[in-house]
Amino acid sequence: CPLSMFFRKVFLNSFSGVGKSCLLLQFTDKRFQPVHDLTIGVEFGARMITIDGKQIKLQIWDTAGQESFRSITRSYYRGAAGALLVYDITRRDTFNHLTTWLEDARQHSNSNMVIMLIGNKSDLESRREVKKEEGEAFAREHGLIFMETSAKTASNVEEAFINTAKEIYEKIQEGVFDINNEANGIKIGPQHAATNATHAGSQGGQQAGGGCC
Amino acid sequence: MFGRSRSWVGGGHGKSSRNIHSLDHLKYLYHVLTKNTTVTEQNRNLLVETIRSITEILIWGDQNDSSVFDFFLEKNMFVFFLNILRQKSGRYVCVQLLQTLNILFENISHETSLYYLLSNNYVNSIIVHKFDFSDEEIMAYYISFLKTLSLKLNNHTVHFFYNEHTNDFALYTEAIKFFNHPESMVRIAVRTITLNVYKVSVDNQAMLHYIRDKTAVPYFSNLVWFIGSHVIELDNCVQTDEEHRNRGKLSDLVAEHLDHLHYLNDILIINCEFLNDVLTDHLLNRLFLPLYVYSLENQDKGGERPKISLPVSLYLLSQVFLIIHHAPLVNSLAEVILNGDPSEMHAKTEQDVQRSSAQPSIRCFIKPTESLERSLEMNKHKGKRRVQKRPNYKNVGEEEDEEKGAAEDGQEDAEKPKGTEGGSKGTKTSGESEEIEMVIMERSKLSEVTASTSMQEQNTTDEEKSAAATGCSESVQWSRPFLDMVYHALDSPEDDYHALFVLCLLYAMSHNKGMDPEKLERIQLPVPNAAEKTTYNHLLAERLIRIMNNAAQPDGKIRLATLELSCLLLKQQVLTSSGCIIKDVHLACLEGAREESVHLVRHFYKGEEIFLDMFEDEYRSMTMKPMNVEYLMMDASILLPPTGTPLTGIDFVKRLPCGDVEKTRRAIRVFFMLRALSLQLRGEPETQLPLTREEDLIKTDDVLDLNNSDLIACTVITKDGSMVQRFLAVDIYQMSLVEPDVSRLGWGVVKFAGLLQDMQVTGVEDDSRALNITIHKPASSPHSKPFPILQATFVFSDHIRCIIAKQRLAKGRIQARRMKMQRIAALLDLPIQPATEVLGFGLGSTTPTQHLPFRFYDQCRRGSSDPTVQRSVFASVDKVPGFAVAQCINQHSSPPLSSPSPPSTSGSPSGSGTTSHCDSAGASLSSTPSAAQSPS
């Protein structure tokens, strides 16, 4: 029987323009194709993925626009099983702020929260300000997973989200997460079996559109 | 129809994007909409895709060509969206439509485009549409939609949402109905929406009046009740806990409470006076005072009133003071805690409250009479309300409160907080603070047993005086029951369960930016860095020192967090800008505690390798992670009685030690803390810790004089295969790899330097000329692993050089560690252990210069104004690097390589200070250079 899980995830990044909402849209809704004269993103999205033969539903919430309210960012960290910290490889200032965010994330979140570090806009190699090695070193020092992505070319976008989900899934298998505690951002249960079926159905019927949910 | 249109729409993706993103294509999509006004099973996919495409074109138009908006508006295309929505077209269409709307509003950046979309009130119609909120996904998309809209609020757009004439503000009122939704993400979104609304309302008087008069009381009273209910659940969770089983749930409830406090604080710092008055009144009189503060008092009093237990109450109040800094709120709250509450003497029962509810600011924690949704509904149809009113309403006062006209309401709300303030102002007479000071000083001489009772008496007289001074006719004696409770909790001899919370509360109050310093001065709890204080609260200081003394006992039940907080508070009390004002007697007690802590560590001092690592690791983690009280008070685990077992997952500093290793760690920490405190209070600098100071070490790119130093040439092959020629040099604490300095003969540039103590050396199986060398950097955070800064194979010119290098490194490592152990011994005033010589590690040379390390570890750099430190330095004079070298050169004459080489040092505890050979008592610590020839 398919196991349904909800992971809630958060994008954390105090800078606008690093392209996280584009990443999110790219991942959750394939119908919006990236084109050069259109920048488009979303702050909330859901998608079913399959890991280890199990159907898993990802709900992804973006913290965008709420940075001025500490209470809001705080709560987001807490309800999430995983987080993606995104910086822009063409803007060093976005990279320099990572330490602060990480400190916040570690402090406010469940200590088991999976954190992935993402250097976005890898397509803009000529304008690169942050070396890949720097991202790797930062991730290694702080125990994060690291990846460079591009929302424009869709490079590594799938991988970034799915690897984060896999990591969470592994932690669940190891028993690190208390799955009975919904505050961790994980929900498992037969009560969603029905919803699952619907998801699967709409997924199948929508191949041309490639839509989600 | 379905198939054809679908391919048309879908096929567009393959072509140039210009075709899809154009006015023409929008016209075509409009055509599709007009042909499909009814949603059917057959066309729903088409409609969804059409709406999605329209959205995409609109966003594209916003960024590239605004003419699409003219068409969109001209054709009233939003109506189609609404029409589809209203047809009960099912979950799938609903979700898709909401998602599309989300994307649309999120990506529109031009104000004019936004006005187009918001005009005609269609968006408000969508907001009030009755979606199936039982569906999790619809709920999520709906609330995200509202959140997105709220982020678009500003002075101009607000008029599309708030209608002054009809008093309608759907975005806000619909959102707050979900304030207690079970799904946390929904609640977060609601909070975001309200905050965005409040932020805009500051500049919009009409809207502000609407929010305050029509929604503030119902919303805040429900919110406060919601928070309070969680608190009672939290308390219940603590009370019913067995074996720490409730920790998971408890931590959620605590986090929830924190979320609320942060949210309230975010509202308060928007600084909208109107709202803040209402909110402060509700928080104080309906939650903080009746539920939190009154619970500090004797638990048996107060009848049926809802109560929480003392630790929970202290804990939550600390959180309040740590997070909320709104002056009127924190001062009123502190006033009651510190000075008692005159209104409390009236001891209202539930019935009294109901009878006298016309009076503002009744302090009780009661459920709002009606649900938020109903209140909002009632407010909308205000005229009809009297008819609806029934005589048997439980709380008539509340009802009336809401019914009052806007103007009247405003007046009353403004008065409420003043009412609470009023009481406090009366007690502030000028001479009072001095008087209390004197009394407390006297008090401290008395035995502690009577302390709290007599203080109560004293306070009573004080209050009487002040009451008389303000002309208050009340002759009721009222005390400071809460403050008494606070002090009493510090006295608990068995454990520090309550004490930790009390210290946190005192800390939080004194660090609160909104707090009036005068208030705290009356209990002589100074704000940090207060100028010109000459005295401090002796009662408190004595209790703090007692905690420290207790912590230094072998079986002390004081947790490290409590100790650290005590140190912080004591420093705050006695350190002034001009120096330390601690009384000699208190300093002597403190020194006693420090002495105890030295004894405690001595007990655990062992020659084993691991002791050094623990010692340095504890120092590192203590200095790198100084106490953050706010973080401490976020941890729910301290709410449960202190425990010793690490199996609970509780942080080491927040529980008691378990087993010998943890007892050692704890003893080391207590020693560090009390040592640091004692030095600071005596105004002396730390000269001995850390054992290795970054600035004393050789760093990459340093240029060293290597004339007469022993150097071994080698090829260093790193893991990635790169190969470099270097000279290996061994210093007292470090090994370094150098290359010749081109500008000065005999000098070398350091290319790598690493601590010998963290080094592992192993031979290479099939190559007698090679060694594998790894140096790890200690982990800097608990989330990262120790990270090798060097991992390489060293190849020497022949196997003799290889053996020499291996021995030198091995012995260097042992020596480095031993030297540090001896410095620890000196710190602990332990008798000097004879420095044992490492086998085969002799001094072959006779000229003193040859024994100098590359760098001097200059004694004076460590400063030594501290007499005790000085003593210990002298006691171990020959154990101090540099000094040792200079002193002992001629005492030694063991020939080089006279003994068999020691075993490989790879991690084995070889040659520990106490267990290894003591053959040459009094022998010096030989410095690193040996007689081995430099191959260069």
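You'll find chain B entered in an unreviewed UniProt entry as C-type lectin domain containing 16A, with Loxodonta africana given as the organism. The Sequence similarities (unreviewed entry) field of the UniProt record for chain B holds the comment "Belongs to the CLEC16A/gop-1 family."

Chain A carries the name RAB2A, member RAS onco family in an unreviewed UniProt entry, which gives Loxodonta africana as its organism. Of the comments in the UniProt record for chain A, the one headed Sequence similarities (unreviewed entry) reads "Belongs to the small GTPase superfamily. Rab family." One UniProt comment on chain A, placed under Catalytic activity (unreviewed entry), says "GTP + H2O = GDP + phosphate + H(+)".

(A) View of a negative patch on the surface. Side chains of Asp-52, Glu-167, Glu-170 and Glu-174 of chain A sit close together on the surface and give a patch of like negative charge. Judged by relative accessible area, which is 57%, Asp-52 of chain A ranks as exposed.

(B) View of the nonpolar core. Residues and elements named next belong to chain B. In this structure, Tyr-292 and Leu-333 are the most contacted members of the largest nonpolar core, which totals 251 residues. In terms of residues, this core owes the most to one element, helix 14 (residues 205–239), which gives 16 residues. Core analysis: the second largest hydrophobic core is formed by 28 residues, Cys-714, Leu-790, Cys-802 and Ala-805 among them.

(C) Structural detail: the sheet that holds strand 9 (residues 747–755) of chain B. Residue and element names in this part refer to chain B. Read from one edge to the other, the open sheet built from eight strands follows the order 5-9-8-7-6-12-11-10, with strand pairing classed as antiparallel. Strands at the two margins of the open sheet, each flanked by one partner only, are strand 5 (703–705) and strand 10 (759–764). Pairs of neighbouring strands in the sheet enclose a mean axial angle of 40 degrees, with direction left out of account. Relative to strand 9, strand 8 (residues 734–740) is paired through seven bridges, and the arrangement is antiparallel. Within strand 9, the position partnered with Met-735 by the bridge is Gly-754. Sitting on the sheet, helix 35 (residues 799–827) is in contact with strand 6 (712–718), strand 7 (723–730), strand 8, strand 10, strand 11 (767–777) and strand 12 (787–796), with an inclination near 25 degrees to strand 11.

(D) Up close: the UniProt feature "domain: FPL" (unreviewed entry) in chain B. Taking the numbering used here, the UniProt-annotated feature "domain: FPL" (unreviewed entry) corresponds to residues 51–198 of chain B. Annotation note: span residues 51–198 of chain B, helix share 71%, strand share 3%, distance between end C-alpha atoms 33 Å.

(E) Representation of helix 29 (residues 538–551) of chain B within the structure. All names here are of chain B. Along its 14 residues, helix 29 runs 20 Å from first to last C-alpha, staying within 8% of the 20 Å computed at 1.5 Å per residue. With respect to burial, helix 29 is a largely interior element, 10 of its 14 residues being buried. For helix 29, the set of buried residues is His-538, Leu-539, Leu-540, Ala-541, Arg-543, Leu-544, Ile-545, Ile-547, Met-548 and Ala-551. Its side-chain oxygen placed 3.1 Å from the backbone nitrogen of Leu-539, Asn-537 serves as the N-cap of helix 29.

(F) The domain arrangement of chain B, seen in detail. Residues and elements named next belong to chain B. Under the domain assignment, chain B is made up of domain 1 (490–682) and domain 2 (696–828). Of note, the centres of domain 1 and domain 2, computed from C-alpha atoms alone, are 39 Å apart. Facing 17 residues of domain 1, the contacting portion of domain 2 comprises 12 residues. Carbon and sulfur atoms supply 62% of the area that domain 1 and domain 2 bury against each other, a total of about 1,300 Å² over both sides. In this structure, the connection of domain 1 to domain 2 is made through two salt bridges. In this structure, Arg-817 engages Asp-613 in a salt bridge whose closest nitrogen and oxygen atoms are separated by 2.3 Å. Between domain 1 and domain 2 we count five residue pairs in polar contact (both at pLDDT 80 or more) in total. For the side of domain 1 that touches domain 2, the elements supplying multiple residues, two or more each, are helix 31 (584–604), helix 32 (609–624) and helix 34 (659–681). Of the residues contributing to the side of domain 1 that touches domain 2, the split by class is eight nonpolar, one polar and eight charged.

(G) Representation of the environment of Asn-156 of chain A in the model. Residue and element names in this part refer to chain A. Among the secondary structure elements, Asn-156 is positioned in the loop between strand 6 (145–148) and helix 6 (157–174). Take Asn-156: its relative accessible area is 27%, and that puts it in the partly exposed class. Along the backbone, Asn-156 and Ser-122 are 34 residues apart, and their C-alpha atoms lie at a distance of 9.6 Å. What Asn-156 contacts, discounting residues up to four positions off in sequence, is Met-147, Glu-148 and Thr-149. Here the side chain of Asn-156 touches Glu-148 through a polar contact of 2.8 Å, landing on its backbone oxygen.

(H) A look at the packing of helix 14 of chain B against helix 15 (residues 247–270) of chain B. Residue and element names in this part refer to chain B. Following both chains from N to C, one finds helix 14 and helix 15 inclined at 155 degrees, their axes separated by 9 Å at the closest point. The angle between helix 14 and helix 15 places the two elements in the roughly antiparallel class. Between helix 14 and helix 15 lies a crossing whose hand is left-handed. Between helix 14, through Tyr-219, Phe-220, Leu-223, Phe-226, Ile-227, His-230, Val-231, Glu-233, Leu-234, Cys-237 and Val-238, and helix 15, the contact on the second element is made entirely by Lys-249, Leu-250, Leu-253, Val-254, Glu-256, His-257, His-260, Tyr-263, Leu-264 and Ile-267. Taken together, the residues of the contact of helix 14 with helix 15 sort by class into 15 nonpolar, three polar and three charged.

(I) Structural view of the environment of Leu-570 of chain B. All names here are of chain B. The residue Leu-570 is located in helix 30 (residues 560–574) in this model. Note on Leu-570: relative accessible area 0%, which makes it buried. A C-alpha to C-alpha distance of 9.3 Å links Leu-570 and Ile-582, two positions 12 residues apart in sequence. If sequence neighbours within four positions are ignored, Leu-570 has contacts with Ala-541, Leu-544, Ile-545, Met-548, Leu-677 and Leu-681.

(J) Focus on the confidence of the model for chain A. All names here are of chain A. In this model, chain A carries an average pLDDT of 73, and 72% of its residues clear a pLDDT of 70 or more. Looking at the elements of chain A, mean pLDDT is at its lowest for helix 7 (residues 193–204), recorded as 28, and at its highest for strand 6, recorded as 92. Counted against residues more than four places away or in other chains, residues 1–5, with its pLDDT under 50, gives 18 contacts.

Scoring rules and cut-offs
- Residues numbered from 1 in each chain as written.
- Chains lettered and ligands numbered in written order.
- Predicted model: local features only at pLDDT ≥ 70, side-chain atom pairs only at ≥ 80, totals over all residues.
- Heavy atoms only, no water.
- UniProt positions renumbered as here; feature names shortened; annotations may be inferred.
- Patch = residues over 30% accessible without salt bridge, like charges linked within 9 Å, V, L, I, M, F, W, Y side chains within 5 Å.
- Areas by Shrake-Rupley, 256 points an atom, 1.4 Å probe, with all protein chains shown as cover.
- Salt bridge = Lys/Arg side-chain N within 4 Å of Asp/Glu carboxyl O.
- Lys, Arg positive; Asp, Glu negative; His and termini not counted.
- Charge placed at Lys NZ, Arg CZ, Asp CG, Glu CD.
- Buried < 20%, exposed > 50% of the residue type's maximum accessible area, 1.4 Å probe, protein only.
- Core = buried A, V, L, I, M, F, W, Y, C linked by side-chain atoms within 4.5 Å.
- Helix = DSSP H or I, 4+ residues; strand = E, 2+ residues; numbered from the N terminus.
- Pairing = 2+ DSSP bridges.
- Axes fitted to C-alpha atoms, helices over the stretch in contact; angles between N-to-C directions.
- Contact = heavy atoms within 4.5 Å.
- Expected span 1.5 Å × (residues − 1).
- Polar contact = N/O pair within 3.5 Å; in protein donor to acceptor, adjacent residues only side chain to side chain.
- Domains from an automatic or database assignment.
- Buried area = accessible area lost by both parts, 1.4 Å probe.
- Nonpolar A, V, L, I, M, F, W, Y, C, P; charged D, E, K, R; others polar.
- Parallel < 35°, antiparallel > 145°, perpendicular 65-115°, else oblique.
- Left-handed = near helix turned anticlockwise from the far one by under 90°.
- pLDDT = per-residue confidence, 0-100.

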